[in-house]
Amino acid sequence: MTIADVVTRDRNGIFECGGAWVRAHRRQLATVVTIRGEIDACNTDRVGEHLRRFVLGEDRVVLDMSGVSEFATAGISLLETFDDACRAEGAQWTLVASPAVAAVAADGGFSDNYSVPEALHDLADAIASRRRMALPLVRMS
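These figures come from a predicted structure and were not determined experimentally.

Our focus in this paragraph is the overall build of the protein. A count of helical and extended segments in the protein gives five helices and five strands. Along the protein, helices and strands appear, N-terminal first, in the series α-β-β-β-α-β-α-β-α-α. Here the analysis covers contacts within the protein between residues at least 6 apart in sequence; of these, 66% occur between residues at least 24 apart. Accessible surface for the protein amounts to roughly 8100 Å². Of this, 52% is attributable to carbon and sulfur atoms.

Next comes the structure, spelled out in structure tokens:
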């Protein structure tokens, strides 16, 4: 990692990766990792390095790529690597894709039907459902 990778724009936690900007925000239900700009063969490795930093144990991640204006086919390897990292940690993740990302990601087997609020709402519903299923077990103890 170079000093340029460490220094963030306006020191507000946004990492510049050769035309793409990565920022993470911890929410109660999940970490929302937002990527804006262009993803191509030149910056997928740098973007991927930053993404892997935000896969923490069994925490949930919403990968918000709704602001990605260009997404080269090299980006599929980025999603595959991110998926592998999440599976290794047991982390659930959801993709929020821009039209540019959705067009390429569908060919790679990735899909999305979400906005960030919809993804967080679905996560909240899943958590509530698991709690309801566990409640009878707690009462039996």
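Additional details are given in the paragraphs that follow.
To continue, consider the side chain of T34. Here T34 is to be found in strand 3 (residues 31–39). In this view, T34 contacts W21, V22, R23 and D64; residues no more than four positions away in its chain are not counted.

Let us look at the pattern of salt bridges. Counted by the stated rule, this structure contains three salt bridges. Of the charged contacts, one joins D83 and R87 as a salt bridge, the two residues approaching to 2.9 Å between their closest N and O atoms. Taken together, the positions of D83 and R87, both in helix 3 (residues 75–89) and four residues apart, correspond to about one turn of that helix. On the basis of relative accessible area, D83 is assigned to the buried category, the value being 15%. R87 gets classed as exposed once you look at its relative accessible area, which sits at 63%.

Before going further, it helps to examine helix 2 (residues 44–52). Residues T44, V47, G48, H50 and L51 constitute the buried set of helix 2. Along helix 2, the residues classed as buried sweep out an arc of 165° about the axis, all on the same side.

Once that is clear, we can look at the sheet that holds strand 2 (residues 20–26). The sheet built from five strands is open, its strands ordered 1-2-3-4-5 with mixed pairing. On the outer flanks of this sheet lie strand 1 (15–16) and strand 5 (93–97), each paired with one strand and no other. Two strands pair when backbone bridges link them, and strand 4 (residues 61–71) and strand 5 are joined in this way by five bridges, in the parallel orientation. Within strand 5, the residue paired with V62 across the bridge is T94. On the sheet, helix 3 packs against strand 3, strand 4 and strand 5 and is oriented at approximately 175° with respect to strand 4.

The rules behind each value
- Residues numbered from 1 in each chain as written.
- Predicted model: local features only at pLDDT ≥ 70, side-chain atom pairs only at ≥ 80, totals over all residues.
- Heavy atoms only, no water.
- Helix = DSSP H or I, 4+ residues; strand = E, 2+ residues; numbered from the N terminus.
- Contact = heavy atoms within 4.5 Å.
- Areas by Shrake-Rupley, 256 points an atom, 1.4 Å probe, with all protein chains shown as cover.
- Salt bridge = Lys/Arg side-chain N within 4 Å of Asp/Glu carboxyl O.
- Buried < 20%, exposed > 50% of the residue type's maximum accessible area, 1.4 Å probe, protein only.
- Arc of directions from axis to C-beta.
- Pairing = 2+ DSSP bridges.
- Axes fitted to C-alpha atoms, helices over the stretch in contact; angles between N-to-C directions.

The values reported here are purely geometric and, on their own, carry no functional implication.
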